[in-house]
Amino acid sequence: MGKAMRLDKLLGHTGWGTRKELKDLCKSGQVTINGDICRDSSRKVDPDQDVVAVGSQIVSYEEYIYLMLYKPSGVVSATEDNVSQTVIDLLPQKYQGSRLFPVGRLDKDTTGLLFLTNDGTWAHGITSPKKHQPKRYEAVVEGDIPADIGERFAAGIVLSDGLECLPAAAEQTGDHTIAVVVEEGKFHQVKRMCAAVGLTVTKLHRRSIGPVFLDENLQPGEFRPLTDDERRSLSL
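An unreviewed UniProt entry annotates the chain as Pseudouridine synthase of Megasphaera massiliensis. The heading Sequence similarities (unreviewed entry) in the UniProt record of the chain holds the text "Belongs to the pseudouridine synthase RsuA family."

Pasting the structure below:
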């Protein structure tokens, strides 16, 4: 077996329950391996070779998972929270044991593109400042949009606490809307940059990270797996 693992680990990873629940599930005779009932949750299986099923449902195992989520407002970018709903709570049961986490974060009231994965190396490659992954936002603002907002963002905005932001791009797209592109991910950065030029952000939406744009077919709270091309493009 090239990738042998315990049966309960495989079932837990695919959201079938806790180790105790899986032990009871096996003892009840509901789990089969290659068509044979298995009552031992510690038995070793090879997910590439063995067919594991719970009842009539085949268990599909993926070591690493990469998802694109349309994050809605009011949901926090965290794996758990004692007060608010998290982005992990939006996923169905089969993902609950996969140790997924958000790649970076969006503020609670910010909407748009967010990646979820359990591949730490891949996630670091996206969030690392050395990668300079551009992040594109659409903002609805209050206040008079400066005619020279593009030049001011390109020069590098200095925030109220003295923090100097890297050069960014900004363009007025409507009477009260602007498009912003940043390569950093500092806390409340876009909102604070806008405040530095006299604007208050009332709505913020992330359209893309690097070359990957939010799927227009997704509604708030919906997700889909990244394609292989999308995943690889973010690692270049």
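Don't stop here, the text continues.
Caption draft 1: Representation of the overall build of the chain. Within the chain, the secondary structure is distributed over six helices and 15 strands. Oriented by its inertia axes, the alpha-carbon framework of the chain measures out at about 70 × 35 × 35 Å. Per-residue burial over the chain gives 44% buried out of 236 residues. Across the chain, contacts joining residues at least 24 apart in sequence account for 64% of those joining residues at least 6 apart.

Caption draft 2: Molecular detail of the pairing of strand S10 (residues 135-142). Alternating residues of S10 divide into Lys135, Tyr137, Ala139 and Val141, all buried, and Arg136, Glu138, Val140 and Glu142, none buried. Across six bridges, S10 lies against strand S12 (residues 177-182) in antiparallel orientation. The residue of S12 that forms the bridge with lysine 135 is valine 182. Of the strand pairs in this sheet, S10 and strand S13 (residues 200-209) are connected by eight bridges, and their pairing is antiparallel. Counted as the bridge partner of valine 141 is valine 201 from S13.

Caption draft 3: Representation of helix H5 (residues 189-196) within the structure. Turning to H5, its buried residues number three or more, namely Gln189, Val190, Met193 and Cys194. All buried residues of H5 project into a common sector of 130° when viewed along the axis, lining one side. Buried-residue contacts for H5 involve S10, helix H4 (149-155), S12 and S13. A positive phi of about 85° marks glycine 198, the residue just after H5.

Caption draft 4: Highlighting the packing of aromatic side chains. Taken as a whole, this structure holds three aromatic pairs when the rule is applied. Measuring from centroid to centroid gives 5.6 Å for tyrosine 95 and phenylalanine 223, while their planes differ by 85°, and the two rings are edge-to-face. Here tyrosine 95, found in the loop between strand S7 (66-71) and strand S8 (101-103), pairs with phenylalanine 223, found in strand S15 (residues 223-225); they are 128 residues apart in sequence, far enough to count as distant. Residue class for phenylalanine 223 comes out partly exposed when judged on its relative accessible area of 24%. Ring-pair connections join several aromatic residues into one group, and the members of that group are Tyr66, Phe115 and Trp122. Above the face of the tyrosine 66 ring, arginine 231 is positioned so that its terminal group lies 5.2 Å from the ring centre.

Scoring rules and cut-offs
Residues numbered from 1 in each chain as written. Predicted model: local features only at pLDDT ≥ 70, side-chain atom pairs only at ≥ 80, totals over all residues. Heavy atoms only, no water. UniProt positions renumbered as here; feature names shortened; annotations may be inferred. Helix = DSSP H or I, 4+ residues; strand = E, 2+ residues; numbered from the N terminus. Buried < 20%, exposed > 50% of the residue type's maximum accessible area, 1.4 Å probe, protein only. Contact = heavy atoms within 4.5 Å. Pairing = 2+ DSSP bridges. Arc of directions from axis to C-beta. Phe/Tyr/Trp six-rings, centres within 6.5 Å; stacked < 30°, edge-to-face > 60°. Lys NZ or Arg CZ within 6 Å of the ring centre and 35° of its normal.

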